[in-house]
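These are the residues of each chain, in order.
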Amino acid sequence: MEQVVNAVLEAMLRSGLVQVEVSARHVHLSAQDLVTLFGPSAELSAVRPLSQPGQFLAGERVTVIGPKGRFERTAILGPVRSNTQVELAISDLRVLGITAPMRESGDVQGSSSVTIEGPCGQVTLQQGVIIARNHIHMTPDAARTLALQDKQKVNVKVLTDRPITFHDVIVRVSDKFSCRVHLDTDEGNAAAVSGFTLGMILR
């Protein structure tokens, strides 16, 4: 069955269609911050694999705290990273009472501050909060098929009952990826994304 699904997805991709996923607010933790928040022997426990190879939803949760509000039980995505990063939608920032730049994941230099609380301690980030820019994860083979390059910007029309075209979506190419468009919750709600959803890459 998995081979059949992959074959169908590859055929759709050749037509410029790619699956759309919504990425809700979440945290990536460094090894050091994981220990501070959960204790010296802490490890992230994988409860569900994500679409990107090697990535998973962890069983652990944290509280993200801003000047105006907080989000309890915020998801952590593993594995650990070199730097702690908090990815939020614009509506999330308003609840917390903070601002943040729109960046590609991993680009946290000079980004915003927030406090993260776990069962064993707190970490106040001096930088690390971003609005994740919408993007397409793409394999090298898929990029060659579609004549796309890493860091190229394309438009993506989300094919739902409320179709929206997102402009300047960044293509990210790696042999560690599987092909998916990632939107945040504000973008997904605006386009009425629900369940299995496709987007059309436009030139």
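Here the structure is shown first, and the text comes after it.
Residues numbered from 1 in each chain as written. Predicted model: local features only at pLDDT ≥ 70, side-chain atom pairs only at ≥ 80, totals over all residues. Heavy atoms only, no water.

A. Looking closely at the sheet that holds strand 11 (residues 153-159). If you walk around this closed barrel you meet the six strands as 1-13-10-12-11-14, and the pairing is mixed. On average, each strand axis in the sheet is tilted by 40 degrees relative to the strand beside it, whichever way the strands run. With four bridges connecting them, strand 1 (residues 17-23) and strand 13 (residues 180-184) associate as parallel partners. Bridge pairing in strand 13 links Val22 to Leu183. (Pairing = 2+ DSSP bridges. Helix = DSSP H or I, 4+ residues; strand = E, 2+ residues; numbered from the N terminus. Axes fitted to C-alpha atoms, helices over the stretch in contact; angles between N-to-C directions.)

B. Structural context of the pattern of salt bridges. Summed over all chains, the structure comprises eight salt bridges. Ionic pairing is found between Arg25 and Asp92, a salt bridge with its closest N-O pair at 3.1 Å. In this pair, Arg25 sits in the loop between strand 1 and strand 2 (26-28) while Asp92 sits in helix 3 (residues 90-96), placing the two residues 67 residues apart along the sequence. In this structure, Arg70 and Glu72 form a salt bridge, with 3.4 Å as the shortest nitrogen-oxygen distance. (Salt bridge = Lys/Arg side-chain N within 4 Å of Asp/Glu carboxyl O.)

C. Highlighting the nonpolar core. In terms of nonpolar packing, the biggest core is built from 25 residues, with Phe38, Val86, Val114, Ile116 and Val129 touching the most fellow members. Put simply, the parts of the chain that give this core at least two residues each are helix 2 (31-38), strand 4 (56-65), strand 5 (70-78), helix 3, strand 8 (112-118) and strand 9 (121-132). The residues contacting Phe38, other than those within four sequence positions of it, are Leu29, Glu60, Arg61, Val62, Ile76, Pro119 and Cys120. Grouped together as the second largest cluster of nonpolar side chains are 21 residues, Phe166, Val169, Cys179 and Ala191 included. (Core = buried A, V, L, I, M, F, W, Y, C linked by side-chain atoms within 4.5 Å. Buried < 20%, exposed > 50% of the residue type's maximum accessible area, 1.4 Å probe, protein only. Contact = heavy atoms within 4.5 Å.)

D. Layout of unusual backbone geometry. Cis peptide bonds are those with omega within 30 degrees of zero, and the linkage from Gly78 to Pro79 qualifies with 5 degrees. Its place among the elements puts Pro79 in the loop between strand 5 and strand 6 (85-87). Although it is not a glycine, Lys151 sits at a positive phi angle of roughly 75 degrees. With respect to the secondary-structure elements, Lys151 resides in the loop between helix 4 (140-146) and strand 11. Positive phi is not limited to glycine here, since Asp168 has a value of about 60 degrees. Relative to the helices and strands, Asp168 resides in strand 12 (residues 164-173). For Asp168, a relative accessible area of 40% translates into the label partly exposed.

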